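Residues per chain, in single letters:
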Amino acid sequence: MDVVEEKKEPTTLMEWVLQNKLRFAGGVWGTGMLGGLAYNFGKKGPLSLKIIHTRVFAQALTLGTLAGIGLVEAYGAVAAPVIAEQQRQPPAKQP
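Predicted, not measured: the structure shown is a model, and the values here were computed from it.

(A) How the structure looks around the pattern of salt bridges. Tallying each qualifying case throughout the model produces one salt bridge. E73 is paired through a salt bridge with K21; the nearest N and O atoms lie 2.8 Å apart. You can see E73 sitting in helix 3 (residues 47–88) and its partner K21 sitting in helix 2 (residues 21–40), a full 52 residues away along the chain.

In structure tokens:
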């Protein structure tokens, strides 16, 4: 007997990012490259230097994004049991 696990649709941005980590990181990298190129082409200097600076900027942005995703996952693993317990308890009545 096969157990089929249903995929639930993400309801928040954080859930979507956690389900699509590589797609999100690739989007951040692409956006960083485009933004870096736009910024660097406004400055004077050789083309090769502009491309190198853009790549380094986008790479740093992507590494920061991956580190942030890792922190969110670590926090989620620690906080999930606490959140589940809070959702099971009925809210306290106000006197």
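(B) Geometry of the side chain of T65. Structurally, T65 is set in helix 3. Of the polar contacts made by the side chain of T65, one reaches the backbone oxygen of L61; its length is 2.9 Å. Contact partners of T65, with chain neighbours within four places excluded, come to F24 and V28.

(C) Representation of the environment of N40. Here N40 shows up in helix 2. Given a relative accessible area of 8%, N40 falls into the buried group. Along the backbone, N40 and K50 are ten residues apart, and their C-alpha atoms lie at a distance of 5.6 Å. Within polar-contact distance, the side chain of N40 engages the side chain of T54 at 2.9 Å.

Each value, and the rule that gives it
Throughout this description, residue numbers start from 1 for each chain and increase along the sequence as written. It should be noted that, the model being predicted, local features are given only for residues of pLDDT at least 70 and side-chain atom pairs only at 80 or more, the latter also being counted only at that level, while totals for whole chains, interfaces and linings use all residues. Here the side-chain values reflect all heavy atoms present in the structure, with hydrogen atoms and water set aside. Salt bridge, as used here, is a side-chain nitrogen of Lys or Arg placed within 4 Å of a carboxyl oxygen of Asp or Glu. Numbering of helices and strands runs from the N terminus, with a helix taken as a DSSP run of H or I at least four residues long and a strand as a DSSP run of E at least two residues long. Any N or O atom pair separated by 3.5 Å or less is treated as a polar contact, with the protein-specific requirement of one donor-capable and one acceptor-capable atom, and with residues adjacent in sequence counted only for side-chain atom pairs. Residues count as neighbours in contact if any of their non-hydrogen atoms are within 4.5 Å of one another. Buried, partly exposed and exposed residues are distinguished by accessible area as a fraction of the type maximum, computed with a 1.4 Å probe on protein chains only: under 20%, between the cut-offs, and over 50%, respectively.

As far as function goes, none of this settles anything; it's purely spatial.
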